[in-house]
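The primary structure of each chain is shown beneath.
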Amino acid sequence: MNWFDKLLDWFSGFTDQWEKHAVKFTLYTTIAILAGGLFELVPPFFLTKTAEPIQNVKPYNALELAGRDVYQKEGCNNCHTQMIRPFKWEVDRFDPGHSYGKDGYSKAGEYVYDHPFLWGSKRTGPDLAHESQIQPSAEWHKTHLINPRDTAKGSIMPAYPWLFEESSIIDASKIADHMRGLRKVGVPYTEEDIASANTLLAGKTAGDALIAYLLKLGRDTAELSKSLQ
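Keep in mind that this is a model prediction, so the values were computed, not measured.

## Observations regarding the overall build of the chain
Move 1: Per the secondary structure count, the chain includes 11 helices and zero strands.
Move 2: Across the chain, helices and strands are ordered from the amino to the carboxyl terminus as α-α-α-α-α-α-α-α-α-α-α.
Move 3: For the chain, whose C-alpha radius of gyration is 24 Å, the value lies well above the compact-globule estimate of 17 Å for 229 residues.
Move 4: Its C-alpha atoms give the chain principal-axis dimensions of roughly 75 × 40 × 40 Å.
Move 5: Expressed as a percentage of the 229 residues in the chain, the buried residues total 35%.
Move 6: Partitioning the contacts of the chain with sequence separation of at least 6, the portion at a separation of at least 24 is 75%.
Move 7: Element-wise, carbon and sulfur atoms account for 62% of the exposed surface of the chain, whose accessible area totals about 14,300 Å².

Written as structure tokens, this is what we have:
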């Protein structure tokens, strides 16, 4: 009998003992999973103490926040990521104009006001973290959302024409409440910011808000980088 067979026999004997004590095994396994889950889930709640906002990064205004809600509601984050990884080929792809200097990858300080994070992991469509610099035209985005095939031949992205219909006018009171909720978890909204919701959202559709959100992505850090150049 070789060493592997001996090891296998020993392991089989070990597992046989546990199988004879099914209740204990289930209890210990549950404790191990709960302990591991706590170590995985609790630390992120304290990341605000270590991740400082990058200078010039501002919270979403009422219109941009409304657009972020639409973005999540329509499941855009299922096909688009929002994080440029620290690889040269990735930075070159999503920062072709070098708008973010030599370090054009995503940084924690860019996301401190995001609740929840929308980093994602699946790129059926392109990453949108730098969308304000890659496609800064609001008209282009409107055309793309109404019918993606008009701007990207062969695109499999669904069309969202109803986002621009009158029935999709944004309810400013809901966004104001959302801002108050975010303020409780650390987003520095002032009463003036919240009061501006009525003005910024007057007559705006979900599509208008979504475009405002897309044009916010990466804008603050790009402006900071350009001011330092």
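## Some thoughts on the pattern of salt bridges
Move 1: Counted according to the given criterion, the structure contains nine salt bridges.
Move 2: Between E90 and R85 there is a salt bridge, with its nearest N and O atoms 2.8 Å apart.
Move 3: Taking relative accessible area as the criterion, R85 reaches 35% and is therefore assigned partly exposed.
Move 4: On the basis of relative accessibility, which here comes to 0%, the residue E90 falls in the buried class.
Move 5: Taken together, the shared-partner salt bridges connect R85, E90, R123 and D127 into one network.

## Notes on helix 7 (residues 172–184)
Move 1: Helix length check: helix 7 (13 residues) gives 19 Å between terminal C-alpha atoms against 18 Å at 1.5 Å per residue, within 8%.
Move 2: All buried positions along helix 7 are accounted for by A172, I175, A176, M179 and L182. Down the axis of helix 7, the smallest arc covering the buried residues is 120 degrees, so these residues share one side. Residues K174 and K184 are exposed on helix 7 and point more than 90 degrees away from its buried face.
Move 3: Its buried side turned inward, helix 7 meets helix 3 (62–73), helix 8 (191–195) and helix 9 (197–201).
Move 4: Count one or two residues on from helix 7 and you reach G186, which has phi positive near 110 degrees.

## With respect to the packing of aromatic side chains
Move 1: In total, this model carries six aromatic pairs according to the counting rule given.
Move 2: For the ring pair Y71 and Y213, a centre distance of 5.3 Å and an interplane angle of 65 degrees mean the geometry is edge-to-face. Residue Y71 is found in helix 3, and its partner Y213 is found in helix 10 (residues 206–214); the two are separated by 142 residues along the sequence. Y213 carries the same exposure label as Y71, and that label is buried.
Move 3: Between the aromatic rings of Y111 and W119, the centroid separation amounts to 5.7 Å while the plane-to-plane angle is 90 degrees, which identifies the pairing as edge-to-face.
Move 4: Judged by its relative accessible area of 33%, W119 is partly exposed.
Move 5: Taken together, the ring pairs connect Y60, Y71 and Y213 into an aromatic cluster.
Move 6: Above the ring of Y105, the side-chain terminus of K107 is found at 4.5 Å from the ring centroid.

## Side note on the nonpolar core
Move 1: Ranked by internal contacts, the top residues of the largest apolar core, which has 39 residues, are Y71, I175, Y189, L201 and L210.
Move 2: Taken together, the elements giving at least two residues each to this core come down to helix 3, helix 7, helix 9 and helix 10.
Move 3: The dominant element in this core, judged by the number of residues it contributes, is helix 10, at seven residues.
Move 4: Excluding its chain neighbours within four sequence positions, the residues that come into contact with I175 are A62, L65, A66, D69, I170 and L201.
Move 5: Residues I84, F94, Y111 and A129 belong to the second largest nonpolar core, which totals five residues.

## Concerning the layout of surface pockets
Move 1: Taken as a whole, the largest pocket spans an internal volume of roughly 560 Å³.
Move 2: Forming the walls of the largest pocket are 27 residues, and the residues nearest its centre are H80, G125, P126, H144 and M157.
Move 3: Listing elements by their share of the lining of the largest pocket, those giving two or more residues are helix 5 (131–134), helix 6 (138–146) and helix 10.
Move 4: Among the elements that line the lining of the largest pocket, the one with the most residues is helix 6, at four residues.
Move 5: Tallied by class, residues from the lining of the largest pocket come to 16 nonpolar, eight polar and three charged.

Cut-off values and rules
- Residues numbered from 1 in each chain as written.
- Predicted model: local features only at pLDDT ≥ 70, side-chain atom pairs only at ≥ 80, totals over all residues.
- Heavy atoms only, no water.
- Helix = DSSP H or I, 4+ residues; strand = E, 2+ residues; numbered from the N terminus.
- Rg over C-alpha atoms; globule rule 2.2 N^0.38 Å.
- Buried < 20%, exposed > 50% of the residue type's maximum accessible area, 1.4 Å probe, protein only.
- Contact = heavy atoms within 4.5 Å.
- Areas by Shrake-Rupley, 256 points an atom, 1.4 Å probe, with all protein chains shown as cover.
- Salt bridge = Lys/Arg side-chain N within 4 Å of Asp/Glu carboxyl O.
- Expected span 1.5 Å × (residues − 1).
- Arc of directions from axis to C-beta.
- Phe/Tyr/Trp six-rings, centres within 6.5 Å; stacked < 30°, edge-to-face > 60°.
- Lys NZ or Arg CZ within 6 Å of the ring centre and 35° of its normal.
- Core = buried A, V, L, I, M, F, W, Y, C linked by side-chain atoms within 4.5 Å.
- 1 Å grid on protein atoms, 1.4 Å probe; cavity = no way out; pocket = protein on both sides within 12 Å on 5 of 7 lines; lining within 4 Å.
- Points joined across faces, edges and corners; volume = space filled by probe spheres on them.
- Nonpolar A, V, L, I, M, F, W, Y, C, P; charged D, E, K, R; others polar.

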